[in-house]
Amino acid sequence: LVAQLHGQLGQLRARQAELQAAVERQVAQCAPLETTERDLQAVLLEIHQEGIRSEKDMERQLLAINDEQVAARAAQEGEMAALAGRYAAAHARVAAAAAS
């Protein structure tokens with residue numbers, strides 16, 4: 001019985017060694033895939049961050065354009081007010097000349 005158990009123990013140890021070798025082969029095969037996955041995740045993160053940077057840059061540009069439009073509108077309104085003042089003064093002079 002002891003010899004039989006010794007034989008079974010030897011077989012179990014041999015099978016354990018085979019399984020351990022198979023596990024190590026699988027781990028070795030997965031290592032490049034894990035590296036590739038990490039590389040892809042890094043690339044995706046960079047793409048995402050670039051998208052955020054582009055979006056913020058576009059927002060800054062749009063705000064700058066809006067500021068320019070507001071300034072241009074204010075300048076136009078100032079010019080229109082000046083023209084209206086000159087028109088009113090010219091009209092007053094014409095009315096005064098017609099009255100005299």
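Refer to the structure above for everything that follows.
A brief structural summary.

For the protein, the count of helices and strands is 1 helix and 0 strands. Relative to its length of 100 residues, the protein is extended, with a C-alpha radius of gyration of 43 Å against a globular reference of 13 Å. For the protein, the spread of C-alpha atoms along the three principal axes comes to 145 × 20 × 10 Å. Of the roughly 9,000 Å² that the protein leaves accessible, carbon and sulfur atoms contribute 62%. If you average the places of the 10 positive and of the 14 negative side-chain charges in the protein, the two averages end up 2 Å apart.

Our next topic: a nonpolar patch on the surface. A contiguous nonpolar surface patch, about 300 Å² in accessible area, is contributed by Val 43, Leu 44 and Ile 47. Inspection of the secondary structure assignment puts Leu 44 in helix 1 (residues 2-99). Its relative accessible area of 56% is what places Leu 44 among the exposed residues.

On inspection of all chains with the given rule, the structure shows 4 salt bridges. With a closest N to O distance of 2.8 Å, Glu 46 and Arg 53 form a salt bridge. The partner of Asp 57 in a salt bridge is Arg 60, and the shortest N-O contact between them spans 3.9 Å. Highlighted residues: Asp 57 and Arg 60, both in helix 1, separated by 3 residues, approximately one helical turn. Each of Glu 46, Glu 50 and Arg 53 takes part in one network of salt bridges that share partners.

Taking 1.5 Å per residue, 98 residues should reach 146 Å; helix 1 reaches 140 Å between its end C-alpha atoms and fits that length. Largest kink in helix 1: about 25°, centred on Cys 30, with the proline Pro 32 one to four residues after it.

In this section: the environment of Ser 100. Locating Ser 100 in the fold gives a position in the segment after helix 1. Residues Ser 100 and Pro 32, 68 residues apart in the sequence, show an inter-C-alpha distance of 101 Å. Of note is the side chain of Ser 100, whose polar atom sits 3.2 Å from the backbone oxygen of Ala 97.

What follows is about the environment of Tyr 87. Checked against the element boundaries, Tyr 87 lands in helix 1. When its relative accessible area of 60% is taken as the criterion, Tyr 87 is described as exposed. For Tyr 87 and Glu 18, which are 69 residues apart along the polypeptide, the C-alpha to C-alpha distance reads 102 Å.

So, how was this worked out
In this convention, every chain numbers its residues from 1, walking through the sequence in written order. A pLDDT threshold of at least 70 governs which residues receive local features in this predicted model, and a stricter bar of 80 or more applies before side-chain atom pairs are shown or counted, although totals over entire chains, interfaces and linings include all residues. Note that the side-chain values use all heavy atoms of the structure and ignore hydrogens as well as water. Only runs of H or I of at least four residues qualify as helices and only runs of E of at least two qualify as strands under DSSP, and these elements are numbered from the N terminus. Throughout, the radius of gyration refers to the C-alpha atoms, and the reference size of a globule is 2.2 Å times the residue count to the power 0.38. Surface accessibility follows the Shrake-Rupley procedure with a 1.4 Å probe radius. Residue values consider only the protein chains on display as shielding. As used throughout, the charge tally considers Lys and Arg to be positive and Asp and Glu to be negative, leaving His and the chain termini uncounted. The location of each charge is read from NZ of Lys, CZ of Arg, CG of Asp or CD of Glu. Without a salt bridge and with relative accessible area above 30%, a residue can belong to a patch; like charges are then joined within 9 Å and nonpolar side chains (Val, Leu, Ile, Met, Phe, Trp, Tyr) within 5 Å. A carboxyl oxygen of Asp or Glu within 4 Å of a side-chain nitrogen of Lys or Arg is what we treat as a salt bridge. Burial classes follow relative accessibility: with a 1.4 Å probe on protein chains only, a residue under 20% of its type's maximum area counts as buried, one over 50% as exposed, and anything between as partly exposed. What a helix is expected to span follows from its residue count: subtract one and scale by 1.5 Å. The quantity called bend is, for any residue, the angle between two axes fitted respectively to the seven residues ending at it and the seven beginning at it. Polar contact criterion, stated in full: a pair of N or O atoms within 3.5 Å, where within protein one must be able to donate a hydrogen and the other to accept it, and residues adjacent in sequence count only if both atoms are side-chain atoms.

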